[in-house]
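Fold and geometry: a report
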Amino acid sequence: MSFVLFIFIPMIAALFIPFLFKKINGIHTGWFALLVPVFLFAVYTTFLPEVSKGKTFTSSLPWIPTLDISFISYIDGLSLLFSLLITGIGSLVVLYSIFYLDKTREQLHNFYVYLMLFMTAMLGIVQSDHLISLYFFWELTSISSFLLIGYWYKRDRSRFGALKSMMITVFGGLMMLGGFVLLSIMGDTYSIRELIGQAPTLLNHEWFVWSLILVLLGAFTKSAQFPFYIWLPDAMEAPTPVSAYLHSATMVKAGLYLVARFTPIYASSEIWIWLVTGIGLLTLFWGSFFALKQTDLKGILAFSTVSQLGLIMSLLGAGAISFHTGVEENDIFKYAAFAAIFHLINHATFKGSLFMIAGIVDHETGTRDIRKLGGLMSLMPVTFTIAMIGSLSMAGLPPFNGFLSKEMFLTGMLSITEFEFFAFETWGILFPIIAWIASVFTFVYSFYFVFRTFTGKHQPNLLPKTAHEAPIGMLISPAILGTLVLLIFFIPNLIGDTLVKPAVLAIQPFLYASPSDIEVHVKAWHGPNIELFMTLGIIMIGFLLYWTLPKWQHLYGKFPSGFTLNRFYDSLMFLSEVGTNRVSRFYMTGFIRSYLVYMFTGIVLLTVSTVFIQNAFDVSFATLAPIRFYELIIALVLIAGTITILLAKSRLTSIIALGAVGYSVALFFVVFNAPDLALTQLVIETVSVALFLLAFYHLPKLNRHENRMRFRLGNALVAIGVGVTVTIIALSAHSQKLVPSISSYYEDTVYSEAGGGNIVNVILVDYRGFDTLFEIAVLAIASLGIIAMIKLRLTKKKEVNRIENE
């Protein structure tokens, strides 16, 4: 079995979930959905022994072979790491949702269908080696996350958050597609691996920088980097299992994956290093600073996610510097790439558990407002313990895994000041300063989250529900993640050798031959060094700021609300809505005549201008057959009938003239030896005339509307333009035979290949079978519509009669 099909297992499972939801009563649908990520996680773990040695696996499934587009699953250290996070964290999220979502009140089949669809999309992103298939899955995450965030669609904030996330991420996805197109043109391939192999030659291409910027726009929007982070806090309106999944291990990590995957292509560019590192640090500082403004538990975690994503992004940028130095000199920057992947794993563990804790607090107290919470430590001791582990890890304190990667982060930022290219030796001093300040605020919001919730005075009168400990089922998933937070601290090198180093090899393939060549040994104690003193400073200043938080937190209210990025987004959406409404009102008049004028005018202008610009108008009468006398008579009758329709003052006259036009066309088919077409035309004209007579019998007389049917010059010009255009195209097409006529192929194969004697019938049934089938389908749909209208009218009549009788 081709393992590329594993990507689509969640999507296939989604097809059966609605039936299970309806047919099986008494069992939570999540138990069936849980089998999918558990199975996939077990499958992907079987790749670990070989991938940890540097081996890669490839499997493909043709999609659009004529365009060389396929679903190509490429499993190396980086894609396997993300696949394990997607399925592993996904398993815990589904287990958590079973106890979080009430099966009697929630539309669980919708929830798990959306979740499975999202899981397929994420697996497709991280395993795709084809640019177009990667983009396909990328936008599928935007659509499925839109459905998940808007799951409670009756809430205004849920719909708003879902739309906001989709608008921003889809915009970035379209920009990314432009970058992919430029890359494919530059490298003459859609394969990411082949493009990485061509990286040195792509650097000097004139489109290199443009493709770099467009790809980064896609990554920054998806990973909530400044200034595109504004969608993530609003996405917190989703159910907590969705927040735990999308914003700790999957969707927001897609942008990080994209940067990591394309680092070998773009890392040689100064612009890439400055943008990735600089925007990452700015996002880190911005998110950590404004996290303390929030009063909603999930709002705090949303801004903390923004800051942590910025931290990882800045490390990926610092790791790219290793492409610019010698092998002996760049160890410190290889260390940064290792730290980025290591912290990505750590963040998934502690942030996933914290989101689940926020959901538990909301579930058991009825609120997430931190101003109403407090004193829950004695009432929810297990929840408090898990929250304490996750928060202290996020703060970067030992003995938790976040401490290890935070120390490595500080080392990476300090090393930038030693880089003597691209002005880093001067401006680079800002990087460790910003990193340190942001780390102080990270420490404060971590303490703010856990201690304001679980310590202090209990306020039961402010809680909608009586606070109590969560059921064991809801605690299993965050407890497992909390255990991993502790475990990784004590066995970091096992994780490093098995998961991190193979991923670093994929990011820096030119620097290493195998994961064993990456000489990074993680340990908690490095002796007295600058990083240690920076950490001590973070703890002391952080404690001071947290202790005095009530005295200065009100300063956040001084920021002008009119100059926020959210206000800018709202204004932009409002202006676009107003602008498009005005444009729509201009051309959406409600009159069919107006729409026909727009369409026909556009056709005439585009077609005629293209014909003459391309010098495609070439008329030759040499191959035309002579016009016989009776053909001329039929043409004159046809023209006379057409003019009569326009000038007639009676509907009956118009109908007779219309029939004359149709029957004249049928005579042309007879003259040109096309009896089948002539018969079809005669039948259509006969039926049409009868229907017109039947319909017009019920309409008012024409003379009531004579004043409205006066001559219109605009109509005449459009009509003449369309006629002239069709004539020009017909004459030009007849005079220029760019390819041989297909009629000879029909003549040669109609009997031998299709087994028919009537060439017209064979063309309609065999060669144009799908066309005929679709025409029949259209007629069938129209018939159903007519039947529905008739039944609706009869139903209304019966209802009126019933009311009158009553």
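Below: a short report on this structure. Just so it is clear, the model here is predicted, and its values are computed rather than measured.

1. Description of the overall build of the protein
Helix and strand content of the protein: 33 helices and two strands. The buried share of the protein, reckoned over its 806 residues, is 49%. Relative to all contacts within the protein whose residues are 6 or more apart in sequence, the contacts with residues 24 or more apart total 80%. Summing over all exposed atoms, the protein offers an accessible surface of approximately 39,500 Å²; the carbon and sulfur share of this is 69%. Counting 50 positive and 46 negative side-chain charges, the protein places the centres of these two groups 16 Å from one another.

2. What about empty space enclosed by the protein?
Any empty space left between the atoms is revealed when a probe the size of a water molecule rolls over them. Applying the stated criterion across every chain yields a total of one cavity of 30 Å³ or more. Approximately 90 Å³ is the volume attributed to the largest cavity. What lines the largest cavity is a set of 14 residues, among which Gln308, Leu311, Met394, Lys406 and Thr442 lie closest to the centre. At the level of secondary structure, the elements contributing two or more residues to the lining of the largest cavity comprise helix 15 (297–319), helix 17 (381–395), helix 18 (401–416) and helix 20 (430–454). Per-class residue counts for the lining of the largest cavity are six nonpolar, seven polar and one charged.

3. A word on helix 17
End to end, helix 17 covers 21 Å across 15 residues, agreeing with the expected 21 Å (1.5 Å per residue, within 8%). By the burial criterion, the buried members of helix 17 are Thr383, Phe384, Ile386, Ala387, Ile389, Gly390, Ser391, Leu392, Ser393, Met394 and Ala395. Positive phi appears at glycine 396, one or two residues downstream of helix 17, with a value of about 85 degrees.

4. Some details on the environment of leucine 84
Position of leucine 84 among the secondary structure elements: in helix 4 (residues 77–100). By relative accessible area, leucine 84 is classed as buried at 9%. Ignoring sequence-local partners within four residues, the contact set of leucine 84 consists of Phe41, Tyr44, Thr45, Leu48, Ile89 and Leu499.

5. Focus on the pairing of strand 2 (residues 69–75)
For strand 2, the tally of buried residues reaches seven of seven residues, placing the bulk of the element in the interior. Sheet analysis places strand 1 (residues 57–64) next to strand 2, joined by seven bridges and oriented antiparallel. In the strand pairing of strand 2, threonine 58 is matched with tyrosine 74. The antiparallel hairpin formed by strand 1 and strand 2 contains four residues in its connecting segment, where aspartate 68 sits at a positive phi of about 60 degrees.

6. With respect to unusual backbone geometry
Phenylalanine 226 connects to proline 227 through a cis peptide bond whose omega is 5 degrees. By the element assignment, proline 227 lies in the loop between helix 10 (208–222) and helix 11 (231–234). Of note, the phi angle at aspartate 188 is positive, near 55 degrees, even though the residue is not glycine. In this fold, aspartate 188 is placed in the loop between helix 7 (156–187) and helix 8 (192–197).

7. Structural notes on the packing of helix 17 against helix 21 (residues 472–490)
Packed helix pairs are specified by the crossing angle of their axes together with the interaxial distance, meaning the distance between the axes. Following both chains from N to C, one finds helix 17 and helix 21 inclined at 40 degrees, their axes separated by 10 Å at the closest point. Between helix 17 and helix 21, the angle falls in the class oblique. Crossing of helix 17 over helix 21 shows left-handed handedness. Contacts from Val382, Thr383, Ile386, Ile389 and Ser393 in helix 17 reach Leu475, Pro478, Ala479, Gly482, Val485 and Leu486 in helix 21. Its residues placed into classes, the contact of helix 17 with helix 21 shows eight nonpolar, three polar and no charged.

8. Digging into the packing of aromatic side chains
Counting across every chain of the model gives 48 aromatic pairs. Pairing tyrosine 44 with phenylalanine 47 gives two aromatic rings, centres 6.3 Å apart and planes at 35 degrees, and the pair type is tilted. Each member of the pair, tyrosine 44 together with phenylalanine 47, is buried. Here phenylalanine 285 and phenylalanine 441 contribute two aromatic rings whose centre-to-centre distance is 6.5 Å and whose plane-to-plane angle is 85 degrees, an arrangement assigned as edge-to-face.

9. Overview of the environment of proline 381
Mapped onto the secondary structure, proline 381 falls in helix 17. We classify proline 381 as partly exposed; its relative accessible area is 41%. Between the C-alpha atom of proline 381 and that of phenylalanine 146, which follows or precedes it by 235 residues, the distance is 35 Å.

10. Quick notes on a nonpolar patch on the surface
Together, Ile627, Phe629, Leu632, Ile633, Leu636, Val637, Ile639, Ile643, Leu646 and Leu647 make up an exposed nonpolar region whose accessible area comes to about 1,100 Å². In this structure phenylalanine 629 comes out as exposed when scored by relative accessible area, which is 64%.

11. A few points about the side chain of glutamate 364
Locating glutamate 364 in the fold gives a position in helix 16 (residues 331–365). At 5.1 Å, lysine 465 is the nearest oppositely charged side chain to glutamate 364, a buried residue that forms no salt bridge. At 3.0 Å, the side chain of glutamate 364 and the side chain of histidine 363 are in polar contact. Those residues in contact with glutamate 364 that sit more than four places away from it in its chain are Met380, Lys465, Thr466, Ala467, His468, Glu469, Ala470, Pro471 and Met474.

12. Comments concerning the pattern of salt bridges
Two side chains of opposite charge can pair, provided their charged atoms sit close to one another. Tallied over the entire structure, the rule returns 11 salt bridges. As a salt-bridge pair, aspartate 369 and arginine 371 come within 2.9 Å of each other at their nearest N and O atoms. On the basis of relative accessible area, aspartate 369 is assigned to the buried category, the value being 14%.

Calculation criteria
Residues numbered from 1 in each chain as written. Predicted model: local features only at pLDDT ≥ 70, side-chain atom pairs only at ≥ 80, totals over all residues. Heavy atoms only, no water. Helix = DSSP H or I, 4+ residues; strand = E, 2+ residues; numbered from the N terminus. Buried < 20%, exposed > 50% of the residue type's maximum accessible area, 1.4 Å probe, protein only. Contact = heavy atoms within 4.5 Å. Areas by Shrake-Rupley, 256 points an atom, 1.4 Å probe, with all protein chains shown as cover. Lys, Arg positive; Asp, Glu negative; His and termini not counted. Charge placed at Lys NZ, Arg CZ, Asp CG, Glu CD. 1 Å grid on protein atoms, 1.4 Å probe; cavity = no way out; pocket = protein on both sides within 12 Å on 5 of 7 lines; lining within 4 Å. Points joined across faces, edges and corners; volume = space filled by probe spheres on them. Nonpolar A, V, L, I, M, F, W, Y, C, P; charged D, E, K, R; others polar. Expected span 1.5 Å × (residues − 1). Pairing = 2+ DSSP bridges. Axes fitted to C-alpha atoms, helices over the stretch in contact; angles between N-to-C directions. Parallel < 35°, antiparallel > 145°, perpendicular 65-115°, else oblique. Left-handed = near helix turned anticlockwise from the far one by under 90°. Phe/Tyr/Trp six-rings, centres within 6.5 Å; stacked < 30°, edge-to-face > 60°. Patch = residues over 30% accessible without salt bridge, like charges linked within 9 Å, V, L, I, M, F, W, Y side chains within 5 Å. Salt bridge = Lys/Arg side-chain N within 4 Å of Asp/Glu carboxyl O. Polar contact = N/O pair within 3.5 Å; in protein donor to acceptor, adjacent residues only side chain to side chain.

Interpretation in functional terms is not warranted from these geometric data alone.
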